[in-house]
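A closer look at the structure
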Amino acid sequence: MNDSPAQFRAPVGTHDVLAPESAVWEGLIGTFSTLAYRYGFSLILSPLFEDVGVFNRGIGEASEVATKEMYVFTDRGNRTLALRPEGTASVVRAFVQHQPPTPWKAWYVTPAFRYERPQAGRYRQHHQLGVEVLGTDDPAVDVEVIALAWRFYEAIGLRRVRLLLNSMGHDECRGRYVELLAAHLAANASSLCDEHRETWASNPLRVLDCKREACRAVTERGPMLPDHLCEDCRAHFERVVAGLGALGIESTLAPRLVRGFDYYTRTTFEFAADALDSAQNAIGGGGRYDKLAEQLGGRATSGIGFGSGIERLLLAREAEGVTATLLERSPDVFVVDTTSADVATPYADRLRRAGLAVHRAYDQRSMKAQMKAADRSGARFAVLVGPTELAAGQVTIRDLRSGDHDQTQRSVAHDQLVATMLELVKK
Ligand code: HAM
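Heads up: these notes are all about the structure in this document. Only a predicted model underlies this, so the values are computations on that prediction, with no experimental measurement involved. (Residues numbered from 1 in each chain as written. Predicted model: local features only at pLDDT ≥ 70, side-chain atom pairs only at ≥ 80, totals over all residues. Heavy atoms only, no water.)

Here's the deal with the environment of Phe41
Mapping Phe41 onto the fold places it in the loop between helix H1 (21-38) and strand E1 (42-43). Judged by its relative accessible area of 6%, Phe41 is buried. In this structure the C-alpha to C-alpha distance between Phe41 and Pro85, which are 44 residues apart in sequence, comes to 22 Å. Sequence-distant contacts of Phe41, defined by excluding residues within four places in its chain, comprise Ala36, Lys105, Ala106, Trp107, Val131, Glu132, Val133, Val145 and Leu148. (Helix = DSSP H or I, 4+ residues; strand = E, 2+ residues; numbered from the N terminus. Buried < 20%, exposed > 50% of the residue type's maximum accessible area, 1.4 Å probe, protein only. Contact = heavy atoms within 4.5 Å.)

In structure tokens, the structure reads:
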């Protein structure tokens, strides 16, 4: 039972992230940004809301996310806007608007909003780390984008991740395949699941993704996309698979993998975390979208990218038992000041300017209360100043992680404080 007095709570399907959990988020984001930098990506920031047309045209007006999950609203100027349900369409809109030189490589961290039925690993506001590359259809870039995701998962300690790979072909070969699939579904419509018996014709590809046994049994006997790619799309796909293999990244062909948005062409992929429940085990996904820039009014420009859900990455780490911290966030020093002259403020300022992380107490608490706070903060050292130290121009430094204070405690002249602390923290 929660007896918190709060009248307002975070809306259903959303959550607050406070320390110490937020330090893990900082670690994930920092690891991703460092890797993205190594791979030649720069950060992009763009509005959280866009003209609804950006998403309708981008992800597809008939897609489930656009029809059932998007947060659409009218602003006070009567514009119809939507909160971003995903990152790609906004990034491509920005690309079309600003026309940066290509290849253009952008990374982002963003909240994304989908009105879903909330459950573990599925939220109404989730957060994605992602990259997009525009301006090249070289299969080498497919390999690089997938490798970046893979190396990121390695860096954050995940070991049980599988890469599922497919190709959606281009408009023509996919179009021909959809006709074959539709004919197969028409001939077997009565055997499909209740939902798809009625709806298969509006988007036959969706049936491939259906997890129900009835649909599976029908599609298993039907045509599969990779067998119907044109020569160019097949060659592209083979080069991607070979390129990944050369980097030691194993992929599994997943001919049923049709992702939820309409913009995908050619290479599509998903990363499944085997430690998670299969309904929510996708920790990342992406693919090519060689028509999207045109659909958003720009010049024909190839693109590829992926997005990875931060909440799912955290769940996967937990399920795999990964505890390694990615970022140390406990302070170096806690200043305990019992002088009533507030020397903590100038001491902390000097130490912080020297690059140390410093915590302190407020409100002139007792020595005991301050020492307790110092221990709770996780600081490695306490700097103690009382009236006697102040009069003698000294401070006492105590190593909080050593049990024997009398042995390790030392006094230094207050003008030696910064130099001594820097020396100690380095050890
Ligand atoms: P997506 O597969 O819809 O793709 O989402 C990417 C990742 O975000 C998923 O693999 C999952 O980890 C996480 N995710 C999605 N929805 C939720 C949710 N409701 N709750 C928690 N986590 C969620 C995209 O969004 C594409 N923009 C990816 C992309 C980039 N394709 C090309 N470039």
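Having seen the structure, we can now continue with the description.
Observations concerning a nonpolar patch on the surface
A surface patch of nonpolar side chains, amounting to about 250 Å² of accessible area, comprises Leu48, Phe49 and Phe73. Note on Phe49: relative accessible area 43%, which makes it partly exposed. (Patch = residues over 30% accessible without salt bridge, like charges linked within 9 Å, V, L, I, M, F, W, Y side chains within 5 Å. Areas by Shrake-Rupley, 256 points an atom, 1.4 Å probe, with all protein chains shown as cover. Salt bridge = Lys/Arg side-chain N within 4 Å of Asp/Glu carboxyl O.)

Some words on a positive patch on the surface
Taken together, the side chains of Arg365, Lys368, Lys372 and Arg376 present a region of like positive charge at the surface. Assessed through its relative accessible area of 57%, Lys372 is described here as exposed. (Lys, Arg positive; Asp, Glu negative; His and termini not counted. Charge placed at Lys NZ, Arg CZ, Asp CG, Glu CD.)

Overview of the layout of surface pockets
The rolling of a water-molecule-sized probe over the atoms marks out the regions of remaining empty space. Space inside the second largest pocket adds up to approximately 250 Å³. Only helix H6 (171-187) and helix H8 (204-208) provide two or more residues apiece to the lining of the second largest pocket. Grouping the constituent residues of the lining of the second largest pocket by class yields seven nonpolar, two polar and five charged. (1 Å grid on protein atoms, 1.4 Å probe; cavity = no way out; pocket = protein on both sides within 12 Å on 5 of 7 lines; lining within 4 Å. Points joined across faces, edges and corners; volume = space filled by probe spheres on them. Nonpolar A, V, L, I, M, F, W, Y, C, P; charged D, E, K, R; others polar.)

Notes on the sheet that holds strand E13 (residues 358-360)
An order of E13-E12-E14-E15-E16 is seen for the five strands of this open sheet, with the pairing classed as mixed. At either margin of the open sheet sits one strand with a lone partner, and together these are E13 and strand E16 (410-413). Strand-to-strand, the axes of this sheet are offset by a mean angle of 30 degrees, without reference to chain direction. Relative to strand E14 (residues 381-385), strand E12 (residues 333-337) is paired through five bridges, and the arrangement is parallel. Bridge assignment links Val335 to a residue of E14, and that residue is Val383. Across the sheet, helix H14 (residues 367-377) lies against E12, E13, E14 and strand E15 (394-399), angled at about 175 degrees from E12, the strand it touches most. (Pairing = 2+ DSSP bridges. Axes fitted to C-alpha atoms, helices over the stretch in contact; angles between N-to-C directions.)

A short note on the site of the ligand
Taken together, 27 residues lie around the ligand, and Glu86, Thr88, Glu116, Arg259 and Tyr264 are the ones closest in. Take Gly309: an N or O atom from its main chain is 3.2 Å from an oxygen atom of the ligand. Isolated, the ligand exposes 650 Å² of accessible area, and the fraction of that covered by the protein chains is 95%. Taken together, the elements giving at least two residues each to the shell around the ligand come down to strand E6 (125-134), strand E10 (282-288) and strand E11 (303-309). By residue class, the composition of the shell around the ligand is nine nonpolar, eleven polar and seven charged. (Near = heavy atom within 4 Å. Polar contact = N/O pair within 3.5 Å; in protein donor to acceptor, adjacent residues only side chain to side chain.)

Considering the nonpolar core
Counting residues in hydrophobic clusters, the biggest one holds 47 residues, and the most contacted among them are Val92 and Leu205. Looking at this core, the elements that each hand over two or more residues are helix H2 (52-59), helix H3 (64-69), helix H4 (88-98), strand E5 (104-113), H6, H8, helix H9 (213-220) and helix H11 (292-295). Per-element tally for this core: the top contributor is H4, with six residues. With sequence-adjacent residues up to four places away left out, Val92 is seen in contact with Leu134, Tyr289, Leu292, Ala293 and Leu296. Formed by 40 residues, the second largest nonpolar core is a distinct cluster that contains Val133, Leu148, Leu276 and Ile310. (Core = buried A, V, L, I, M, F, W, Y, C linked by side-chain atoms within 4.5 Å.)

Observations regarding helix H12 (residues 310-320)
Those residues of H12 that fall on the buried side of the exposure criterion are Ile310, Glu311, Arg312, Leu313, Leu314, Ala316 and Arg317. The first or second residue beyond H12 is Gly321, which carries a positive phi of 75 degrees.

What about the packing of aromatic side chains?
Tallying each qualifying case throughout the model produces 13 aromatic pairs. Relative to Tyr115, the ring of Tyr71 lies with its centre 5.9 Å away and its plane at 70 degrees, an arrangement referred to as edge-to-face. Of the two residues, Tyr71 is situated in the loop between H3 and strand E3 (72-74) and Tyr115 in the loop between E5 and E6; the sequence distance between them amounts to 44 residues. Taken together, a centroid distance of 5.0 Å and an interplanar angle of 75 degrees make the contact between Tyr153 and Phe271 edge-to-face. With a gap of 118 residues between them, Tyr153 in helix H5 (residues 139-155) and Phe271 in strand E9 (residues 265-273) connect regions that are remote in the sequence. Taken individually, Tyr153 and Phe271 each receive the classification buried, so the pair is uniform in this respect. Members of the aromatic cluster, each reached through a chain of ring pairs, are Phe32, Trp107, Trp150, Phe152, Tyr153, Phe269, Phe271 and Phe306. Sitting above the plane of the Phe41 ring, Lys105 keeps its charged end 5.0 Å from the centroid. (Phe/Tyr/Trp six-rings, centres within 6.5 Å; stacked < 30°, edge-to-face > 60°. Lys NZ or Arg CZ within 6 Å of the ring centre and 35° of its normal.)

What to know about the pairing of E15
Counting buried positions over the six residues of E15 gives five, a clear majority of the element. As defined by bridge partners, E14 adjoins E15 across four bridges and the pair is classed as antiparallel. Considered in E15, the bridge of Val383 is made with Ile397. Bridging between E15 and E16 involves four bridges; their strand directions are antiparallel. Its bridge partner being in E16, Gln394 is matched across the sheet by Ala413.

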